[in-house]
Amino acid sequence: MSSIPYDPTLVLGNIVDISRIKALQEQKAIVNPVAVAREKLNGLTRQLYKIKMLIQQMASLVDAAQIENLKNQERIIMKAASKATVDYAKLFLKAQDELYKHTEKGKT
């Protein structure tokens, strides 16, 4: 097996065409908002799961007023998760369309 010896003057731009690197950076800029929206949705989903588990565990231990407080929090998180789901779906579809246009532009 042979390898290329280390050369400090060797940079990625000398190996890969700069236009390809720029195209990847453009694709990343298109996809990044989708990743942020997915993380937000995942965080809200985890919160919702945890609060539901907490309500189940505390149901027999505390009075109804405290449980109602948790259920109000659950409703708030559920609304936020619903909105985040719609936002994620919209961003995903928009990004897919933009990526398609971007790859088609690169083919010409």
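In case you missed it, the structure is sitting above this.
Sequence positions are assigned chain by chain, starting from 1 and proceeding in written order. Predicted model: local features are reported for residues with pLDDT of at least 70 only, side-chain atom pairs are reported and counted for 80 or more only, and whole-chain, interface and lining totals are derived from all residues. With hydrogens and water excluded, all non-hydrogen atoms of the structure serve as input to the side-chain values.

Further remarks concern the nonpolar core. The definition of a nonpolar core used throughout is a set of buried Ala, Val, Leu, Ile, Met, Phe, Trp, Tyr and Cys residues joined through side-chain atoms within 4.5 Å. We call a residue buried when its accessible area falls under 20% of the maximum for its residue type, exposed when it is over 50%, and partly exposed in between, using a 1.4 Å probe and counting protein chains only. With 10 residues, the main nonpolar core is built from Leu 41, Leu 44, Leu 48, Ile 51, Ile 55, Ile 67, Leu 70, Ile 77, Ala 81 and Ala 84. Helix numbering and strand numbering both begin at the N terminus, where a helix is a DSSP run of H or I of at least 4 residues and a strand a DSSP run of E of at least 2. Of all the secondary structure elements, the ones that give two or more residues to this core are helix H2 (18-58) and helix H3 (64-107). Ignoring any residue separated from it by four or fewer positions in sequence, one finds Ile 55 in contact with Ile 67, Leu 70, Lys 71 and Glu 74. Should any heavy atoms of two residues lie within 4.5 Å, those residues are considered in contact.

Each Phe, Tyr or Trp ring, with Trp reduced to its six-membered ring, pairs with another whose centre is within 6.5 Å; inter-plane angles below 30 degrees give stacked pairs, above 60 give edge-to-face pairs, and intermediate values give tilted ones. In this structure the tally under the stated criterion is 1 aromatic pair. Ring plane angle 35° and centroid distance 6.1 Å describe the contact between Tyr 88 and Phe 92, whose orientation is recorded as tilted. Remark: Phe 92 and Tyr 88 occur in helix H3; sequence separation between them is 4 residues, near one turn of the helix.

Here we take up the side chain of Glu 74. Tracing the sequence through the fold places Glu 74 in helix H3. The residues touching Glu 74, leaving out its near neighbours within four places in the chain, are Leu 48, Ile 51, Lys 52 and Ile 55.

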